[in-house]
Amino acid sequence: VQLQASGGGLVQAGGSLRLSCAASGRTFSSYAMGWFRRAPGKEREFVAAITRSGGSTYYADSVKGRFTISRDNAKNTVYLQMNSLKPEDTAVYYCAAGYTIVVHTSTVGYWGQGTQVTVSS
């Protein structure tokens, strides 16, 4: 599967952005999906994950209550709605796909290219 992320940009603290990740192929619903991010000078870290059906979601503690992951299997797309953004959310965000729940980089089978999110204070 090929993944194409979009929706990043520059936003003020407290603002919102919605990231999208479009997947190629006709088997999108076979993949668990997730989002990771890498801030400058830091390791890539888990942000959010969603099961194949969308019935269960998982979040890093740092984004819980502010970010929402969702998916539309008919559109082969996964989303990350980011609200109440903070400067520490500044990072390159990557979408990811796997055969099991993608809450760790070791469970990711496919990576999308990153999209930059910058939050100004």
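Everything numeric here is computed off the predicted structure, so don't read it as measured data. (Residues numbered from 1 in each chain as written. Predicted model: local features only at pLDDT ≥ 70, side-chain atom pairs only at ≥ 80, totals over all residues. Heavy atoms only, no water.)

**Quick word on the nonpolar core**
With 35 residues, the main nonpolar core has Trp-35, Leu-80, Met-82 and Tyr-93 as its most contacted residues. Looking at this core, the elements with two or more residues in it are β1 (3-6), β3 (17-23), β4 (32-38), β5 (45-50), β7 (67-72), β8 (77-82), β9 (91-98) and β11 (115-120). Those residues in contact with Leu-80 that sit more than four places away from it in its chain are Leu-17, Arg-18, Leu-19, Trp-35, Val-47, Ala-48, Phe-67, Thr-68, Ile-69 and Tyr-93. (Core = buried A, V, L, I, M, F, W, Y, C linked by side-chain atoms within 4.5 Å. Buried < 20%, exposed > 50% of the residue type's maximum accessible area, 1.4 Å probe, protein only. Helix = DSSP H or I, 4+ residues; strand = E, 2+ residues; numbered from the N terminus. Contact = heavy atoms within 4.5 Å.)

**Thoughts on the pattern of salt bridges**
In total, this model carries 4 salt bridges according to the counting rule given. The residue Lys-64 makes a salt bridge to Asp-61 at a minimum N-O spacing of 3.1 Å. Given a relative accessible area of 66%, Asp-61 falls into the exposed group. The network of salt bridges with shared partners includes Arg-37, Glu-45, Arg-66 and Asp-89. (Salt bridge = Lys/Arg side-chain N within 4 Å of Asp/Glu carboxyl O.)

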